[in-house]
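Chain and residue survey
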Amino acid sequence: MNSLTELASPIAVDVYRGRRERVLAAMRAQGGGIAVVATAPEVLRNRDADYPFRHDSYFYYLTGFTEPEATLVLNASAQDGEPASILFCREKNAERETWEGFRFGPEAARDAFGFDAAFAIDSLDEELPRLIADRPALYYALGASAEVDAQVRGWLAAVRAQGRSGVRAPEEARNLLPLLDEMRLVKDAHEIAIMRRAGSISAEAHRRAMRACRPGMHEYEIEAELLYTFRRRGAQAPAYGSIVAAGANACVLHYPAGNAIARDGDLILIDAACELDGYASDITRTFPASGLFTPPQRELYDIVLAAQSAAIEATRAGVSFDAPHQAAVKVLSQGLLDTGILDKAKFGTIDDVIGERAFARFYMHRTGHWLGMDVHDAGDYRNADGPRDAQGAREWRTLAAGNALTIEPGLYVRAAEDVPERYWNIGIRIEDDAIVTPNGCELLTREVPVDADEIEALMRESNQD
Ligand code: GLY
Ligand code: MN
Ligand code: MN
């Protein structure tokens, strides 16, 4: 595992080096210091079997390095000739490599990933006290991991123990993550290229699942069709737990792929997508098990699709992050009144429905989230400072070109006496991934149909196979 050959793309050395340079420049502007970014720990699953290793996203963003047991150190106080960008990683080990596969070792990693220097991870606790001594500040993921917090305490204690020889521990600990979060919010060309490929693979997986679906199949059998395509096209893993929900299960927002059988007349909601080279995609499609929507299913489907179109229309640089959500809520609320799911006599006008949040009983999540290395990606949704709204919350961030987000309205109608019976147990979500552009957005996941007629046409083709 973790060899060069595991990467679907060549190592983009200049991209990672460029990001490290930006971090170093920002630290220098604040007076210098040392930053420490560790990758994720390996996690035991049971007895002697680990969960599949997944690197830490921040570490990967700055290194491209996917082996476990690795730490990046950035020295913004380095003098001329001193290394500023240092990797600590596992040493070469012929015996371990026989069991576990290739590992770079410090020397090859330094050259392949463009670090100034690299050392064995075993020397981290010896080197770090020396590196942080007499530096003004230590930057790291403050409070994010008990393990890293303990390591930092150990390094600081080691420096303080030498106090009599005149060295001083950094006076300030600073959180490195806000700086990295701001960088991660705007995707560069390298990231967008990977996200386009991830979106394409996930879209193919949804097409395959739609084509394979027949009444009588279990949810897990449909899930298998998705997983097949992810791996066949080189994605490393699902980006999150796949949701495959038949019938009323679609009204459970985080329902996993389970054992239920998709019956004639059921809708299937699939929220599943792959992670490719460290980047998530995130797609939801909802389609009829039989290949044909029933009239009430189609009514609600078209409302959700119209809500998504309105949200897509509202997604562009310069508008509030909240604008797509408000656009979707307006269409969904009108649809809830038009269908009688919300009784006009009781709930009044669309403004009342929105103002009193009556829609939230049937649409209880937001219309999107940042997307990137993490499916719910890093980055603030609201401005760090500036005015606050009536509830005291800071204002929503303004969308900028290069932001990546999902657009995912839905309607979830459970059986209830005050709701027309024809809509009972219908759960629908439609989700695509978008990159914000100056005048609109680019959808990354439209290689799978979203229009109800096109979905039926795709399923008709496969029923003839
Ligand atoms: N699949 C997780 C989400 O849609 O937020
Ligand atoms: Mn999502
Ligand atoms: Mn999703």
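Residues numbered from 1 in each chain as written. Chains lettered and ligands numbered in written order. Predicted model: local features only at pLDDT ≥ 70, side-chain atom pairs only at ≥ 80, totals over all residues. Heavy atoms only, no water.

1. Section: the site of ligand 1
Close contacts around ligand 1 come from Y240, D271, D282, H369, H376, E408 and E431, and that covers them all. E408 is positioned with one of its side-chain polar atoms (N or O) 3.2 Å from an oxygen atom of ligand 1. With the chains in place, 86% of the 190 Å² that ligand 1 exposes on its own is no longer accessible. Within the shell around ligand 1, the residues separate by chemical class into one nonpolar, two polar and four charged. (Near = heavy atom within 4 Å. Polar contact = N/O pair within 3.5 Å; in protein donor to acceptor, adjacent residues only side chain to side chain. Areas by Shrake-Rupley, 256 points an atom, 1.4 Å probe, with all protein chains shown as cover. Nonpolar A, V, L, I, M, F, W, Y, C, P; charged D, E, K, R; others polar.)

2. Examining the coordination of the manganese ion (ligand 3)
On the protein side, the manganese ion (ligand 3) has D271 (OD), D271 (OD), D282 (OD) and E431 (OE) as donor atoms, found 2.0 to 2.4 Å from it. Each of the six donor atoms around the manganese ion (ligand 3) contributes to a set of angles spanning 57 to 169°, which defines the coordination as irregular. Each donor residue of the manganese ion (ligand 3) belongs to the same chain, and together they define the spacing D-x10-D-x148-E. Taken as an interatomic distance, the gap from the manganese ion (ligand 3) to the manganese ion (ligand 2) is 3.3 Å; D282 donates to each of them. Of this pair, D271 sits in strand β11 (residues 267-271) while E431 sits in the loop between β17 (426-429) and β18 (432-437), placing them 160 residues apart in sequence. For the pair formed by D271 and E431, the shared burial category is buried. (Donors = N, O, S within 2.8 Å, 3.2 Å for Na, K, Ca; no water. Tetrahedral: all angles 85-135°; square planar, octahedral: opposite > 155°, others 65-115°. Helix = DSSP H or I, 4+ residues; strand = E, 2+ residues; numbered from the N terminus. Buried < 20%, exposed > 50% of the residue type's maximum accessible area, 1.4 Å probe, protein only.)

3. Overview of helix α1 (residues 13-29)
In this model α1 runs 24 Å from its N-terminal to its C-terminal C-alpha over 17 residues, within 8% of the 24 Å that 1.5 Å per residue would give. Burial in α1 covers these residues: Y16, R19, R20, V23, L24 and M27. All buried residues of α1 lie within an arc of 135° about the axis, which places them on one face of the element. Opposite the buried face of α1, by more than 90 degrees, sit the exposed residues D14, R22 and A29. Looking one or two places after α1, you find G31, whose phi comes out positive at around 105°. (Expected span 1.5 Å × (residues − 1). Arc of directions from axis to C-beta.)

4. Observations regarding helix α9 (residues 219-232)
Here α9 spans 20 Å end to end across 14 residues, near enough to the 20 Å set by a 1.5 Å rise per residue. Residues E219, I222, E223, E225, L226, T229 and F230 constitute the buried set of α9. Seen end-on, α9 carries its buried residues on one side only, within an arc spanning 150°. Buried-residue contacts for α9 involve α8 (189-212), β9 (237-238), β10 (243-246), β11 and β12 (274-276). A positive phi of about 90° marks G234, the residue just after α9. (Contact = heavy atoms within 4.5 Å.)

5. Section: the sheet that holds β10
Paired through backbone hydrogen bonds, the strands of a sheet run either parallel or antiparallel to each other. In space, the three strands of this open sheet follow the order β10-β11-β14, with antiparallel pairing throughout. Where the open sheet ends on each side, the last strands, each with one partner, are β10 and β14 (284-288). Sheet twist, expressed as the average angle between the axes of neighbouring strands with direction ignored, equals 15°. The sheet contact formed by β11 and β14 spans five bridges and is antiparallel. By the bridge assignment for β14, I268 is matched with F287. Set on the sheet, α8 makes contact with β11 and β14; between it and β14 the angle comes to about 15°. (Pairing = 2+ DSSP bridges. Axes fitted to C-alpha atoms, helices over the stretch in contact; angles between N-to-C directions.)

6. Looking at the coordination of the manganese ion (ligand 2)
The protein atoms donating to the manganese ion (ligand 2) are D282 (OD), H369 (NE2), E408 (OE) and E431 (OE), with metal-donor distances spanning 2.0 to 2.2 Å. The sequence pattern describing where the donors of the manganese ion (ligand 2) fall on their chain is D-x86-H-x38-E-x22-E.

7. Some points on the packing of α8 against α9
For the pair α8 and α9, the least separation of the axes is 8 Å and the interaxial angle reads 145°. Two packed elements cross with a definite hand, and for α8 against α9 that hand is right-handed. In contact with I201, S202, E204, A205, H206, R208, A209 and A212 of α8, α9 contributes I222, E225, L226, Y228, T229, F230 and R232. Of the residues belonging to the contact of α8 with α9, the class tally is eight nonpolar, three polar and four charged. (Left-handed = near helix turned anticlockwise from the far one by under 90°.)

8. Some remarks on the pattern of salt bridges
Tallying each qualifying case throughout the model produces 31 salt bridges. Put simply, R196 and E442 hold a salt bridge, and the shortest N to O gap is 2.6 Å. Of this pair, R196 sits in helix α8 while E442 sits in strand β19 (residues 440-443); the two residues are 246 residues apart in sequence, bridging distant segments of the chain. In this structure R196 comes out as partly exposed when scored by relative accessible area, which is 41%. (Salt bridge = Lys/Arg side-chain N within 4 Å of Asp/Glu carboxyl O.)

9. A word on the sheet that holds strand β5 (residues 85-89)
If you walk across this open sheet you meet the six strands as β6-β5-β4-β1-β7-β8, and the pairing is mixed. Strands at the two margins of the open sheet, each flanked by one partner only, are β6 (117-120) and β8 (172-175). Across this sheet, the average inter-strand angle for adjacent strands is 20°, counted without regard to direction. Pairing between strand β1 (residues 34-38) and strand β7 (residues 137-140): two bridges, direction parallel. Paired with A35 across the two strands is Y139, which belongs to β7. Along the sheet, helix α4 (residues 105-113) makes contact with β5 and β6, crossing β6 at roughly 155°. Lying on the sheet, helix α6 (residues 146-160) is in contact with β1 and β7; it crosses β7 at an angle near 165°.

10. Some remarks on the side chain of E456
With respect to the helices, strands and loops of the structure, E456 is situated in helix α14 (residues 452-463). An unpaired buried charge is present at E456: no salt bridge exists, and R298, the closest side chain of opposite charge, is 4.6 Å distant. Once residues lying within four places of it in the same chain are set aside, the contact partners of E456 are G291, L292 and F293. (Lys, Arg positive; Asp, Glu negative; His and termini not counted.)

11. Thoughts on the confidence of the model for the chain
Scored by pLDDT, the chain has a mean of 96; 97% of the residues are at 70 or more. The low-confidence segment residues 1-5, where pLDDT is below 50, has 14 contacts with residues more than four positions distant or belonging to other chains. (pLDDT = per-residue confidence, 0-100.)

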